[in-house]
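Survey of secondary and tertiary structure
Here are the chains, one letter per residue:
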Amino acid sequence: MNVLDTVRNIILVGASSPTAAAILNHVASRKRRRKAETVRRLMQVCGNNTPRGTVVAVLLQFESNGFGKVIVGRRGHESRFEWAEV
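Heads up: these notes are all about the structure in this document. (Residues numbered from 1 in each chain as written. Predicted model: local features only at pLDDT ≥ 70, side-chain atom pairs only at ≥ 80, totals over all residues. Heavy atoms only, no water.)

It is worth spelling out the overall build of the protein at this point. Across its full length, the protein carries four helices and three strands. Over its C-alpha atoms the protein spans a radius of gyration of 12 Å, differing by no more than 12% from the 12 Å that the globule rule assigns to 86 residues. If you line up the protein on its principal axes, its C-alpha atoms span 40 × 25 × 25 Å. A sequence separation of at least 24 residues applies to 46% of the contacts in the protein between residues at least 6 apart. The protein carries 14 positive and 6 negative side-chain charges, and their two centres are separated by 6 Å. (Helix = DSSP H or I, 4+ residues; strand = E, 2+ residues; numbered from the N terminus. Rg over C-alpha atoms; globule rule 2.2 N^0.38 Å. Contact = heavy atoms within 4.5 Å. Lys, Arg positive; Asp, Glu negative; His and termini not counted. Charge placed at Lys NZ, Arg CZ, Asp CG, Glu CD.)

Written out as structure tokens, the structure is:
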């Protein structure tokens, strides 16, 4: 996938739901580049009324578009999304 395709996918996914737009806006506004974001943190970013399932569904959509990988929390670790290298 080239850069233009990636940008198109980001725009399409961001327009698909307010939750996706909020997550992408958060990522764009960060000052430090993080490799991963926890689901709990992304729920806070989207607003307190955003259900966990909605955030996870958006992250699975991100994963299917090649933006990164959803990692299910196990043994005390939180569920998170690891961003793909650009």
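Looking now at the packing of helix H2 (residues 18–29) against helix H3 (residues 39–46). If you want to describe how two helices pack, look at the angle between their axes and the distance between the axes. Viewed as axis vectors pointing N to C, H2 and H3 meet at an angle of 105°, and their least axial separation amounts to 9 Å. Considered as vectors, H2 and H3 are oriented roughly perpendicular to each other. Of the residues in H3, those touching H2 at Thr 19, Ala 22, Ile 23 and His 26 are Arg 41, Leu 42, Val 45 and Cys 46. Here the residues of the contact of H2 with H3 are counted per class, giving five nonpolar, two polar and one charged. (Axes fitted to C-alpha atoms, helices over the stretch in contact; angles between N-to-C directions. Parallel < 35°, antiparallel > 145°, perpendicular 65-115°, else oblique. Nonpolar A, V, L, I, M, F, W, Y, C, P; charged D, E, K, R; others polar.)

Here we take up H3. Turning to H3, its buried residues number three or more, namely Val 39, Leu 42 and Cys 46. Along the long axis of H3, the arc covered by the buried residues comes to 60°, so they all point the same way. The inward-facing, buried residues of H3 contact H2, strand S1 (36–38), helix H4 (52–64) and strand S3 (80–83). Just beyond H3, the residue with positive phi is Gly 47, at close to 120°. (Buried < 20%, exposed > 50% of the residue type's maximum accessible area, 1.4 Å probe, protein only. Arc of directions from axis to C-beta.)

For the rest of this paragraph, the subject is the sheet that holds S1. With respect to topology, three strands assemble into an open sheet ordered S1-S3-S2, the strand pairing being antiparallel. Only two strands of the sheet have a single partner each, and these edge strands are S1 and strand S2 (68–71). Within the sheet, the average angular offset between the axes of one strand and its neighbour, ignoring direction, is 20°. Two strands pair when backbone bridges link them, and S2 and S3 are joined in this way by four bridges, in the antiparallel orientation. (Pairing = 2+ DSSP bridges.)

In this section: the nonpolar core. Among the nonpolar cores identified, the biggest contains 15 residues, and Ile 23, Val 55, Leu 59, Phe 62, Phe 67, Phe 81 and Trp 83 are the most heavily contacted of them. Looking at this core, the elements that each hand over two or more residues are H2, H3, H4 and S3. With four residues, H4 is the largest single contributor of residues to this core. Non-local contacts of Leu 59, meaning those with residues more than four positions away in its chain, are made with Ile 23, Val 39, Leu 42, Val 70 and Phe 81. (Core = buried A, V, L, I, M, F, W, Y, C linked by side-chain atoms within 4.5 Å.)

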